[in-house]
Amino acid sequence: MPTPARQQYLDLKAQHPDAVLWFRMGDFYELFDDDAIVVSRELHLTLTSREFGHGERVPMAGVPHHASDAYLARLVRKGYRVAVAEQVSPPGHGLVERAVTRVVTAGTAIEPNLLPARANNYLAAVVRGPAGRGGSAPEAYGLAYVDVTTGEFAVTEVRGETAAATLEGELGRLGPAECLVPWDQAGALALPGPLTRYDAWRFEPEAARERLLRQLGVRSLEGFGCADLPLAIGAAGAVLAYLEETNPALLPLLGGLRTYQTDAYLVLDAHTRRNLELTRSARGGGAEGSLLAVLDATRTPMGGRLLRRFLGQPLLDLAAITARQDAIATLLERPPLRAELLGRLGAMGDLERWTSRALQGVAGARELLALRELLASVEPLRERLAGIGALALVRDGLDACADVADEIGRAVAAGEDGRLIRPGYDAARDALVDSIAETRRWLAELESAERARTGIRSLKVGYNQVFGYYLEVTHAHRDRVPDDYVRKQTLANAERYVTPRLKEAEAVILHAEERIAAADRALFAALLGKIGAQAPRLLRTADALAHLDVYLALAEVADRNGYTRPEVHAGDEIVIEGGRHPVVEAALGPEQFVANDCALGGDGPRIALLTGPNMAGKSTYLRQVALIVLLAQAGSFVPARRARVGLVDRIFTRIGAQDDLAAGASTFMVEMVETAAILRHATPRSLVVLDEIGRGTSTEDGLAIARAVVEHLHDAVGARALFATHYHELVDLETRLPALRNLHTAVREENGEVIFLHRVVPGAADRSYGLHVARLAGLPAPVLARAASLLEPSPPERVGEPTPPAPLPAREGGEGRGEDGACLPGRNGGERLDATAAPPFPRREGRDAEYCERRAGGVGYAPLLPAPADRPACIREAPPPAIGAPAAEPDGAAVAPAVAPAPPAADGAGPAVLRELLALDLCNLTPLEALNRLAALQRQARTEPPGW
Ligand code: ADP
Ligand code: MG
C-alpha cells in the first residue's frame, strides 16, 4: 500500500503521463521515479531517493521553489512539458491537497525567462482539410496561432495548389514555439519545428465553433470573418482547448480574433525568408547579420516584436504603405522631435506583456509599479504628438488610462514595510493593521524598557521563525534576569527568554499579520482583475507605442544609413538607382559598398541575366534588389538613391544546391522541386530571384535546365526576374528573348591582378577568371604560369596543348555552339570596363548590333541562331575534339575529372599534373568544380618528382 502522499503523487502523474510532474512539497518541487532520473540528468540535479511508508524507496530530485522558474525554463526549452502540482489547501494536519494548476509547454509559457523579449512566442495549430470530392480537390489547411503573452490571436485558411507552400511560409514567418497537429495527421503533415500531437477531435469544426463562440462571447463568427472557414475554426478550437487543458488562466486574454488572408500580404515562402535572411542570418542562425539587426533601432520590446511583423508581412495596400512612409518621413524631417521621442520611449517597458500578466493574475507588485510609471508618461507623449498629421493614428491609440494608473498608485505599496498594499487603500485592511499598532509600539519599546528594568545594557529583543519573539541576555548577566523570564533556548554565550506578556503580544501580532497578508493578497488579486478589465485599452496603447517605436526606428535607420523614400506604385516597373544591400553595406562600413542600379518591368526588360566571376557581387546584387522591394512594401525607406517599386505580389528566391550552404542537406532534387514550384506559382506580378540554379548536377544538364528555366520564365510566366549564373553560355539568350538583358559584374585587371569592382553593368561577362581563383587558392606558381601559358591562344607552344578549336559551323536545324571565347583570356582582351555612366539597360537598338559584332567579331564565334521550336534550345553540340582529347568525349565528361582520361602528352613523358591540366575543360567547369580540380592537382603536384 503506498502512503497517502505517494498515492496522491501517482494519481496526479497518471493524469499527466506525458509531462514531467513537479510535485510541490513545502519549499521544493520534488520529482520522483523516472521523472527524477530524467530531470536530474537534464538539469544536473542531485539524484537521491525517498522512502514512502514500508521501505518503498523511489528516486527523487528536487528544485527549490524560489529558483524554480529558471529550472522550468531550461526543461521546457529542452522540449519537455512540465505539469506543476501545487499545494491547494493550507498546510495543517493531515495530507495537504495538491492539484496540477498548469502544464507549461513551449507554446504556453508565460515565465519571463522562458520568453524571447523582442520576439513573439507563438502557439500554433494546423489541420488539413478533407481530401474533397473525388479526392481531386486541392489541398486546404487551417492555421491558428496565439501569443498568450500578448493576446494576439489569428486564423487563416489556405487553399489551392500553393496551399502547402503557403502554409510553410506562414510557419516560417511565425516560427511557433509549439505547433499542434491532429494525431492522425501528424505523419502526413511534414511541418518544420516542434510539433505536439493533439486529439484529432479537438480540430473538428463543430465543437471548435462552439468553443470559439464561447471564448469570444458572441453568437456568430460572422463579425470575425471566419464563419465560413471550417478549417481555420478547427485550428482555433484546438488552440483554445489546449490552453484550457494546460492553463485556463491564459484564456481571458484572448478576447479578439483576427482572420487574415495570406495573399493580402506580399507572399514570401519559407526559402525566401531564409535566403533573404530577414530575421536570422543563414550562417549563425542568430539575429546578427540579418536585415532585422540592421533595422532594429526600436526601444521597446513591443516595438521590436512589431518590427518583425512588418518585415514578415510586407503590404500590398498602397494606402497603408504610404501611411507608414508618411509617419517615417515626418520623423525623419524633425530630428529634435525624434530625439525627444526616442528618449521617452527608451524609458518604457513591455506594456503588452505586463497587461497580459495582470489579466492572468500573475503580475507582481514591481510590474504594476512599472506599469504605472509607464502610463504616467503616456499623456505627455500624446500632447507632444498633437498636430502631427502623419502620427494622428498613433496619437489616437494612446490612452494614459489614468484610472488604472491612479488605482495602482493608491493600492500598491512600494515595498517599504514589506507589505503589498498601501495604507489608505482599504479601510477594513487598515483596521487590521491599526488593531496591532498598540501592541507593536509596546514591542518596539520593550527593549529599552527591559534594559531599564533589569539594568542589563546588552539585553536584546529578537525574533525567529521557530521560537517567535524572545529576550536575549548574555551569560555574564544571567544573575540579573528577573523571575518572570522563562528560559527558552541556550546559545553558546547567551540565554533566550520569553515572558507571558511577550507571548501574548506575539500571538496577537502573528494572528493579525496572517490576516493582513491574506487581505493584501485578496486586494492585490482584485486589483489585477480591475486592470485586466481594462486590457483592451492598455493593449491599444501598447500597439500605438509599438507603432511609434517602429516608425522612429525606421526613421533613425534611414537617417543614419542614408535611406530614401521609395515611390511604391501600382504599375509593374522596378527602378532602383544607386541601390545597396542593407546588411552587406552595414558590415562593410561607410562608403565601402558599391551602389548599383536596376531596372525591371515597365517598358524595359523583365529578366536580367547576370554573369560574372565568383566573388564579384552577383548574389549580393540579387538579394539587394529583393530586399529593397521588400522594404519598400513593408513601408520602410530603402537603401538607394532613388527607387520606384511597382507592387510585387510574391518574392521567390532560390539558390543553386551547391551554394545553399545553410540548408546543408540540400540536394539537386530539392533545388529542382523548388524551381518547379516557382515556375508554377509565380505570376507576372512576382519577383523571381534565381541564383546559380542548375549547379547541383553535371554541367551539361545544369546548363540545359538553367536555359530552359529562363526561357519558361520569359515566355510563360512573365515575372520580373533576376538570374545569376556562371553559365556564360546563357548570355546568347539575349539575342532571342526580347525581354531579357545581360548584365555582368565588372572587374578590372591590373598587372595580372583581378580587382572586383562590384559594379553591375550591361552586357555579358567575358571571362571566368578561373586562374585568379586558383591563385587565391594557393596553387603553386609554376602550375599557374604553365596554366596561363596553356591558355595563351597562339601559337601553340607545344604539341599536346589544345589548339583553339575552329568555329563550329551552324548545323542545319540546330543551334550552333561556338567555342566559348569567354574562357580564353587574351583572346579579345576582355571588355574594357568603364561603364560608370551606363544605365543597366540601354535601349536595345544598336546594342544588339554591337553585341553580336563583339561576340562574332574575330573571336571564333559562330552566329547564334535561334533554336528551332521543335528542339530544346538547351541541347548543345559537342565541340570539336581538341588534340589529345578522346574524339567522342562529350565535354560534359570534364565534370567528372576523377575518371576523365588524361590525354597522352605527345612526348609521352610530361608530368601527370600537366597532362591532367591540359585535359581540363575549363569552359565547362563551375568555379567551384575548377577550384576542387585545381586543389587536387595541387596535391598531386606536390608529390610529383622534383625538377619538372
Ligand atoms: P558572387 O555571388 O558573385 O560570388 P557575392 O555576391 O557573394 O559574389 O559577393 C562576394 C563578396 O563581395 C560579398 O561578400 C561582399 O563582401 C563583396 N561585395 C559584393 N557586392 C558588393 C558591393 N556592391 N560593394 C562592395 N562589396 C561587395
Ligand atoms: Mg553567388
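Position labels on residues start from 1 in each chain and follow its written sequence. Lettering for chains starts from A, numbering for ligands starts from 1, and both go in the order in which the items are written. Note on the predicted model: pLDDT of at least 70 is required for a residue's local features to be given, and 80 or more for side-chain atom pairs to be given and counted; whole-chain, interface and lining totals, by contrast, use all residues. Side-chain numbers here rest on the full set of heavy atoms in the structure, without hydrogens or water.

1. Some remarks on the overall build of the chain
Helix and strand labels come from DSSP, where a helix needs a run of H or I of at least four residues and a strand needs a run of E of at least two; each type is numbered from the N terminus. The helix and strand tally for the chain stands at 30 helices and 27 strands. Split into buried and exposed, the 948 residues of the chain put 52% on the buried side. Every accessible area reported is derived by Shrake-Rupley at a probe size of 1.4 Å, with residue values counting cover from the shown protein chains alone. Roughly 41,500 Å² of accessible area belongs to the chain as shown, and the carbon and sulfur atoms make up 54% of that amount. Buried means the residue's accessible area, taken with a 1.4 Å probe over protein chains only, is under 20% of the maximum for its type, while exposed means over 50%, and partly exposed covers the values in between.

2. Brief notes about the site of ligand 1
Working definition: residue near molecule or strand if any one of its non-hydrogen atoms lies within 4 Å of it. Around ligand 1 sit 14 residues, and of these Val594, Met615, Lys618, Ser619 and Thr620 come closest. Pairs of N or O atoms within 3.5 Å make up the polar contacts considered here, provided that, within protein, one atom can donate a hydrogen while the other can accept it, and that residues adjacent in sequence are counted only when both atoms are side-chain atoms. At a separation of 2.7 Å, an oxygen atom of ligand 1 approaches a polar backbone atom of Met615. Between ligand 1 and the protein, one listed contact pairs an oxygen atom with a backbone N or O atom of Gly617 at 3.0 Å. Taking 560 Å² as the accessible area of ligand 1 by itself, protein coverage stands at 79%. Any residue that is not Ala, Val, Leu, Ile, Met, Phe, Trp, Tyr, Cys, Pro, Asp, Glu, Lys or Arg is counted as polar, Gly included; the first ten are nonpolar and the last four charged. Partitioned by chemical class, the residues of the shell around ligand 1 number six nonpolar, seven polar and one charged.

3. A look at the nonpolar core
For our purposes a nonpolar core is just a set of buried Ala, Val, Leu, Ile, Met, Phe, Trp, Tyr and Cys residues, chained together by side-chain atoms within 4.5 Å. One finds Val126, Leu368 and Ile651 to be the most contacted residues of the largest nonpolar core, which totals 121 residues. The leading source of residues in this core is helix H20 (residues 535-561), at 14 residues. Between two residues, a contact is recorded if the distance between any of their heavy atoms is within 4.5 Å. Beyond its immediate chain neighbours, meaning those up to four positions away, Val126 contacts Tyr141, Gly142, Leu143, Leu167, Leu171, Cys179, Leu180, Val181, Pro182, Leu189, Leu191 and Phe203. Counting residues in hydrophobic clusters, the runner-up holds 36 residues, among them Ala236, Ala238, Leu240 and Tyr242.

4. Description of the packing of helix H13 (residues 365-376) against helix H19 (residues 500-533)
Interhelical geometry of H13 versus H19 gives an angle of 40 degrees and a closest axis separation of 12 Å. Taken together, the axis directions place H13 and H19 in an arrangement best described as oblique. In the crossing of H13 with H19, the sense of the turn from one axis to the other is left-handed. Of H19, the residues touching H13 (which contributes Ala365, Leu368 and Leu371) are Phe524, Leu527, Leu528 and Ile531. Its residues assigned to classes, the contact of H13 with H19 comprises seven nonpolar, no polar and no charged. Every axis in this analysis is a line fitted to C-alpha atoms, fitted for helices over the stretch in contact. Angles between the N-to-C directions lie between 0 and 180 degrees. Any angle between 65 and 115 degrees counts as roughly perpendicular, while under 35 counts as roughly parallel, over 145 as roughly antiparallel, and the rest as oblique. In this scheme the handedness of a crossing depends on how the near helix is turned from the far one: anticlockwise by less than a right angle means left-handed, clockwise means right-handed.

5. Structural notes on helix H18 (residues 437-454)
Helical geometry note: an α-helix holds 3.6 residues per turn, so side chains three or four residues apart project in the same direction. To estimate how far a helix should reach, multiply one less than its number of residues by 1.5 Å. Compared with an ideal rise of 1.5 Å per residue, which puts 18 residues at 26 Å, H18 spans 26 Å between its outermost C-alpha atoms and is within 8% of the ideal. Two axes are fitted around each residue, one to the seven residues ending there and one to the seven starting there, and the angle between them is reported as the bend at that residue. If you look at H18, its biggest bend is around 45 degrees, right at Leu446. The complete set of buried residues in H18 reads Thr439, Leu443, Leu446, Glu450 and Thr454. Looking at the buried side of H18, the elements it contacts are helix H17 (427-435), strand S14 (460-464), strand S15 (468-474) and H19. Following H18 by one or two positions, Gly455 has its phi on the positive side, about 75 degrees.

6. Regarding the side chain of Ser40
Along the chain, Ser40 falls in helix H2 (residues 33-43). Of note is the side chain of Ser40, whose polar atom sits 2.9 Å from the backbone oxygen of Ala36.

7. As for the sheet that holds strand S4 (residues 56-64)
Read across the sheet, six strands follow the order S3-S4-S2-S1-S5-S6 without closing on themselves; strand pairing throughout is mixed. The open sheet has two free edges, formed respectively by strand S3 (48-52) and strand S6 (98-104), since each of these has just one partner strand. Averaged over all neighbouring strand pairs, the angle between strand axes comes to 40 degrees, with direction disregarded. In the sheet, strand S1 (residues 20-25) pairs with strand S5 (residues 82-87) via four bridges, with the strands oriented parallel. Across the sheet, residue Leu21 finds its bridge partner in S5, namely Ala83. Sitting on the sheet, helix H3 (residues 68-77) touches S1, strand S2 (28-32), S4, S5 and S6, and the angle it makes with S1 is about 170 degrees. A strand pair is defined by DSSP finding two or more bridges across the two strands.

8. A short note on the layout of surface pockets
Only protein atoms enter the 1 Å grid, on which a cavity is a set of points fitting a 1.4 Å probe that cannot get out and a pocket is an open set with protein on both sides within 12 Å along at least 5 of 7 lines, lining residues being those with an atom within 4 Å of a point. Grid points are joined across faces, edges and corners, and a volume is the space filled by probe spheres set on the points. Of the voids in this model, the second largest pocket is the one considered here, and its volume is about 1,200 Å³. Forming the boundary of the second largest pocket are 46 residues, of which Arg258, Leu306, Arg309, Asp543 and His547 lie nearest the centre. Where the lining of the second largest pocket is concerned, the elements lending two or more residues are strand S9 (152-159), helix H9 (301-312), helix H10 (318-333), helix H12 (351-359), helix H15 (392-397), H19 and H20. Ranked by the residues each element gives to the lining of the second largest pocket, the list is headed by H20, at ten residues. The class makeup of the residues in the lining of the second largest pocket is 27 nonpolar, nine polar and ten charged.

9. As for the sheet that holds strand S20 (residues 596-600)
The mixed open sheet is built from four strands, whose spatial order is S18-S22-S19-S20. Each edge of the open sheet is held by one strand with a lone partner, namely strand S18 (567-569) and S20. This sheet shows a mean twist of 15 degrees between the axes of neighbouring strands, independent of strand direction.

10. Some remarks on the pairing of strand S24 (residues 687-691)
Among the five residues that make up S24, five are buried, leaving the element largely enclosed by the rest of the structure. Where burial is concerned, the two faces of S24 agree: the one with Leu687, Val689 and Asp691 and the one with Val688 and Leu690 are both buried.

11. Describing the confidence of the model for the chain
Residue-level confidence of the predictor is what pLDDT reports, using numbers from 0 through 100. In this model, the chain carries a mean pLDDT of 83, and residues with pLDDT of at least 70 account for 83%. For the chain, the element scoring lowest by mean pLDDT is helix H28 (residues 847-856), at 35; S18 scores highest, at 98. The model gives residues 795-909 a pLDDT under 50, and that stretch makes 169 contacts with residues more than four places away or in other chains.

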